[in-house]
Amino acid sequence: MGIPCDDIVLIQFPRDPSEPTIVTVNCPDKPGLGCDLCRTLLEFGLSITRADFLTDGRWCYIVFWLVPSVSNSSRIDWESLKNRLLSMCPSCLLPFLLFNYQQGGDGNGGSTHSCSVYLLELCCLDRKGLLHDVTRILSDLEFSIQRVKVMTTPDGRVMDLFYITDGMELLHTKKRRDDTKEHLIAVLGNYCISCELQLAGSEYDSLKALPSLPPAVAEELFTYELSSKDASSKELKSDLMTLKKATITVDNLLSPAHTLLQIQCADHKGLFYDILRTSKDFDFQIAYGRFSSSVKGYRNLDLFIRQANGKKIVDPKHQNALCSRLKEEMLHPFRVIIVNRGPDTELLVANPVESSGKGRPRVFYDVTLALKMLRICIFSAEIGRQSTSDRQWEVYRFLLDDSHEFPLTSNRARDQLVDRVRRILMGW
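Residues numbered from 1 in each chain as written. Predicted model: local features only at pLDDT ≥ 70, side-chain atom pairs only at ≥ 80, totals over all residues. Heavy atoms only, no water.

Caption draft 1: Helix α4 (residues 130-140), seen in detail. For α4, the buried fraction is high: eight of the 11 residues fall into the buried class. The complete set of buried residues in α4 reads Leu-130, Leu-131, His-132, Asp-133, Val-134, Thr-135, Ile-137 and Leu-138. Looking at the buried residues of α4, the elements they touch are β5 (118-125), β6 (143-152), β7 (157-166), α5 (174-188), α11 (363-373) and β15 (378-387). Following α4 by one or two positions, Glu-142 adopts a phi angle in the positive range, close to 70°. (Buried < 20%, exposed > 50% of the residue type's maximum accessible area, 1.4 Å probe, protein only. Helix = DSSP H or I, 4+ residues; strand = E, 2+ residues; numbered from the N terminus. Contact = heavy atoms within 4.5 Å.)

Here it is in structure tokens:
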């Protein structure tokens, strides 16, 4: 019958607010569970300061030490987080879905639309920071932005189209939709002209792929490897020197049944998620992992792993492929460049998509926060997917307004913009 749900996810709050909150997950295992849990923690604006991971392939035990991310100023809804984590644990999957079925269908007893995409249409008067403020509201309400299209009209109005999914899985109810619209209108005040929320139509599929990037831009965004020589600012050069100190050691002698990966690298927001996402994409299992606390900005990780067939990773080609991908995730978890789009300036941000098709949480939140901090106006914005030979990417495109405060024709201003966006994304 399993164990009570109250014992599957435990949250221990610290006595001292400066100490981390400890979240323990104790449940049957499933492929990619660790990655899914880390993605949810990232989505709630939390950083993992330390973690222990143990599984025998049938049952897993994970402990996270958590603090709010540097860029997150919102209150953490711990009860909602617990429910989200519970919904991912195999032992609670059936009752969770049954509960939603019984509660769904707008009160008419029909099936739920928990995985459906909804279209939020906002028409507002433009102002600096508006896009981030809307994004923050949606994040606080536990919505995930799947696609977005933002357009500014000549008369100073903005039409925002957000394609969203609901972490609480309640948007199929009229109450959740009405409460969302009322909250947005109340927070945005006189800037809000109209607000509509409805189930997305077939047009959503056409927005999954952005217009193709020019070949030269795609080459720079997806395959360009920055070196300290190429870095255009002192801050970026310093960051790259720190990131390039990452080391990965493969040991097949210490354990008779597992390959040991020892990783030392610079810390960044979502590091544990990036490593578990890579393990999920490469289909190897982590039997035991320890994610140590940051010491002077560096992390140590010990991972005892094996292939899906239960064997150690002894093939040098397989080892090299795994280590290369891990190093790439440590050095370039995000790609950030500025290009000219005709007479305009465009900011491009890209990050790899999981093999399951899920994108990284809060990227749009962090980029719009950086632009708000620099007081840069966004003329238009889009999110879409682009594929390269070996992987799929989520691409964020921002067409920026030039201003006297931040002249984007200046190389120094462009460097400052790239640095600020990268550092917010990395949690530095």
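Text resumes after the structure shown.
Caption draft 2: Expanded view of unusual backbone geometry. Even without being a glycine, Glu-142 presents a positive backbone phi close to 70°. Within the secondary structure layout, Glu-142 lies in the loop between α4 and β6. Classification of Glu-142 by relative accessible area gives buried; the value is 8%. Phi at Arg-362 takes a positive value of approximately 65°, unusual for a residue other than glycine. Along the chain, Arg-362 falls in the loop between β14 (344-352) and α11.

Caption draft 3: Quick look at the nonpolar core. Among the nonpolar cores identified, the biggest contains 50 residues, and Phe-162, Leu-347, Phe-398 and Leu-417 are the most heavily contacted of them. Broken down by element, the residue count for this core peaks at seven residues, all from helix α12 (residues 411-426). Non-local contacts of Phe-162, meaning those with residues more than four positions away in its chain, are made with Tyr-118, Leu-119, Leu-120, Leu-122, Leu-131, Val-134, Thr-135, Leu-138, Ile-145, Arg-147, Val-148 and Phe-364. In this structure, Ile-8, Ala-246, Phe-284 and Ile-305 belong to the second largest nonpolar core, which totals 48 residues. (Core = buried A, V, L, I, M, F, W, Y, C linked by side-chain atoms within 4.5 Å.)

Caption draft 4: Quick look at the sheet that holds strand β9 (residues 247-251). Across the sheet, eight strands lie side by side as β1-β2-β4-β3-β11-β12-β10-β9; this open sheet has antiparallel pairing. The sheet terminates laterally at β1 (9-12) and β9, the two strands that pair on one side only. On average, each strand axis in the sheet is inclined to that of its neighbour by 25°, with strand direction left out of account. For strand β3 (residues 46-55) and strand β4 (residues 59-68), the ladder comprises nine bridges, and the chain directions are antiparallel. (Pairing = 2+ DSSP bridges. Axes fitted to C-alpha atoms, helices over the stretch in contact; angles between N-to-C directions.)

Caption draft 5: Just helix α10 (residues 316-331), in detail. Taking 1.5 Å as the rise per residue, α10 with 16 residues should run 22 Å; its terminal C-alpha atoms sit 22 Å apart, in good agreement. Among the residues of α10, Gln-319, Leu-322, Cys-323, Arg-325, Leu-326, Glu-329, Met-330 and Leu-331 are the ones counted as buried. For α10, the side-chain oxygen to backbone nitrogen distance between the N-cap and Lys-317 is 3.0 Å, and the N-cap itself is Asp-315. (Expected span 1.5 Å × (residues − 1). Polar contact = N/O pair within 3.5 Å; in protein donor to acceptor, adjacent residues only side chain to side chain.)

Caption draft 6: Expanded view of the packing of aromatic side chains. In this structure the tally under the stated criterion is six aromatic pairs. Residues Phe-272 and Phe-291 carry aromatic rings whose centres are separated by 4.7 Å and whose planes lie at 15° to one another, so their mutual orientation is stacked. Highlighted residues: Phe-272 in helix α9 (residues 271-281) and Phe-291 in strand β11 (residues 284-291), separated in sequence by 19 residues. According to the relative accessible area criterion, Phe-272 is buried, its value standing at 4%. When its relative accessible area of 2% is taken as the criterion, Phe-291 is described as buried. Aromatic pair Phe-364 and Phe-398: ring centres 5.6 Å apart, planes at 20°, arrangement stacked. Of the two residues, Phe-364 sits in helix α11 while Phe-398 sits in strand β16 (residues 392-400), which places them 34 residues apart along the sequence. Of the residues examined, Phe-364 reaches a relative accessible area of 4% and is grouped as buried. By the ring-pair criterion, three or more aromatic residues cluster together here, those being Phe-364, Tyr-396 and Phe-398. (Phe/Tyr/Trp six-rings, centres within 6.5 Å; stacked < 30°, edge-to-face > 60°.)

Caption draft 7: Geometry of the pattern of salt bridges. Tallied over the entire structure, the rule returns 30 salt bridges. Residues Lys-280 and Asp-36 are paired through a salt bridge, measuring 3.1 Å at the closest nitrogen-oxygen approach. Taken together, the positions of Lys-280 in helix α9 and Asp-36 in helix α1 (residues 33-43) put the pair 244 residues apart, joining distant regions of the chain. Residue classification places Lys-280 among the partly exposed residues on the basis of a relative accessible area of 23%. Judged by relative accessible area, Asp-36 falls into the buried class, the value being 9%. Linked through salt bridges whose partners overlap, the residues forming this network are Asp-274, Arg-277, Arg-325, Glu-328, Glu-329, Arg-335, Arg-360, Asp-390 and Arg-391. (Salt bridge = Lys/Arg side-chain N within 4 Å of Asp/Glu carboxyl O.)

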